[in-house]
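The primary structure of each chain is shown beneath.
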Amino acid sequence: MNYDKKFISDSIKKIGNRYGVHESFRDVVTCCAYSFANSVDFREDREKEYLRIINKYSDEEKELFPKILVALVNEYEKSEEPIDILGDIYEKLNLTKKGAAQFFTPLDLCKVMAKVTIDKKESENTIKDKGYINVSDPACGSGRNLYAAYSELLNNGIDNNKILLVGDDIDLTCCCMTYIQLSLMGANAIVHHQDSLTMNRYDTFYTVSYATNKELQEKISSKEKNIEEEIEV
């Protein structure tokens with residue numbers, strides 16, 4: 001059996017026979033994201049939600065969850081360019097919420113925007129100034145702008161340990177897609193499940209790379225402290 005992109009799509013359809021494809025897709029990415037997140041930042045509410053979701057399914061259906069993750073890992077291992085496996089499947093299965101104006105920017109366009117906006121010299125100067133460079137997307141969707149920017153920075157020779165990616169989205173499924181894939185890319189990233197307009201925050205996910213990068217965390221903390229001191233003055 002080939003554990004690949006087609007396997008992921010077919011498995012989600014199979015799991016969706018009982019609850020619908022939209023719910024099965026959401027359940028798969030939520031369980032995967034919660035498993036990753038709780039390995040570095042355990043929260044009881046995540047664990048309870050994971051168990052509630054997974055126990056809806058039969059033993060045969062449950063076995064597909066880890067196999068889908070294996071297939072996703074396989075896709076990332078054979079790709080040298082930024083890819084959005086989950087976002088592509090989400091769109092091809094017609095799951096985007098067009099009624100809520102949910103449209104994903106094509107990845108090729110994201111690559112073009114990254115090349116236009118990211119300058120190697122400017123990036124290096126930013127790192128000299130504060131010790132790291134960050135890229136943020138307040139409505140990240142499936143994470144395509146972040147993937148493209150990350151790839152462009154790496155191609156420009158920027159050290160991975162000095163790159164911070166931050167994504168926000170009000171849709172939990174989108175947050176989970178972005179978080180899972182940034183985790184598999186080995187990126188230092190933080191993904192907030194939040195309303196970027198009201199700043200109401202529901203959860204925060206840290207990639208393993210970020211959680212273990214104490215040097216980057218210290219630089220970020222130091223920068224935030226300096227900003228707070230400037231504001232107080």
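Structure shown above.
Residues numbered from 1 in each chain as written. Predicted model: local features only at pLDDT ≥ 70, side-chain atom pairs only at ≥ 80, totals over all residues. Heavy atoms only, no water.

Asker: Any chance you could break down helix H6 (residues 85-92) for me, citing the residues and the numbers?
Answerer: If you check which residues of H6 are buried, you get Ile85, Leu86, Gly87, Ile89 and Tyr90. Contacts from the buried residues of H6 go to helix H1 (5-19), helix H2 (21-40), helix H5 (64-77), helix H9 (144-155) and helix H10 (172-185). Positive phi appears at Asn94, one or two residues downstream of H6, with a value of about 65°. (Buried < 20%, exposed > 50% of the residue type's maximum accessible area, 1.4 Å probe, protein only. Helix = DSSP H or I, 4+ residues; strand = E, 2+ residues; numbered from the N terminus. Contact = heavy atoms within 4.5 Å.)

Asker: Could you give an account of the pattern of salt bridges, naming the residues involved and the relevant values?
Answerer: In the structure shown here, the tally under the stated rule is 19 salt bridges. For Arg144, the salt bridge is made with Asp84, and the minimal N-O distance between the two is 2.7 Å. With Arg144 in helix H9 and Asp84 in the loop between H5 and H6, the pair connects residues that are 60 residues apart, well separated along the chain. In terms of burial, Arg144 and Asp84 fall into one category: buried. For Arg144, the salt bridge goes to Glu91, with nearest N and O atoms at 2.8 Å. Of the two residues, Arg144 is situated in helix H9 and Glu91 in helix H6; the sequence distance between them amounts to 53 residues. It is possible to trace a salt-bridge network through shared partners that takes in Lys5, Asp84, Asp88, Glu91 and Arg144. (Salt bridge = Lys/Arg side-chain N within 4 Å of Asp/Glu carboxyl O.)

Asker: How would you sum up the sheet that holds strand S3 (residues 189-195)? Please name residues and give values.
Answerer: Judged by pairing direction, the sheet is mixed, and its 4 strands sit side by side in the order S1-S2-S3-S4 without closing on themselves. A single partner strand is all that each edge strand has here, and the edge strands are strand S1 (133-137) and strand S4 (200-206). Within the sheet, the average angular offset between the axes of one strand and its neighbour, ignoring direction, is 15°. Summarising the sheet, strand S2 (residues 163-169) and S3 pair through 5 bridges and their orientation is parallel. Residue Gly167 lies in a different strand from S3, and its bridge partner there is Val191. (Pairing = 2+ DSSP bridges. Axes fitted to C-alpha atoms, helices over the stretch in contact; angles between N-to-C directions.)

Asker: I'd like a description of the packing of aromatic side chains, backed by residues and values.
Answerer: Within this structure, the stated rule accounts for 9 aromatic pairs. Centre to centre, the rings of Tyr3 and Phe7 are 4.8 Å apart; their planes meet at 80°, and the pair counts as edge-to-face. Note on Tyr3: relative accessible area 28%, which makes it partly exposed. The exposure class of Phe7 is buried, given its relative accessible area of 10%. Taking the centre distance of 5.2 Å and the plane angle of 50° together, the rings of Phe25 and Tyr90 count as tilted. You can see Phe25 sitting in helix H2 and its partner Tyr90 sitting in helix H6, a full 65 residues away along the chain. (Phe/Tyr/Trp six-rings, centres within 6.5 Å; stacked < 30°, edge-to-face > 60°.)

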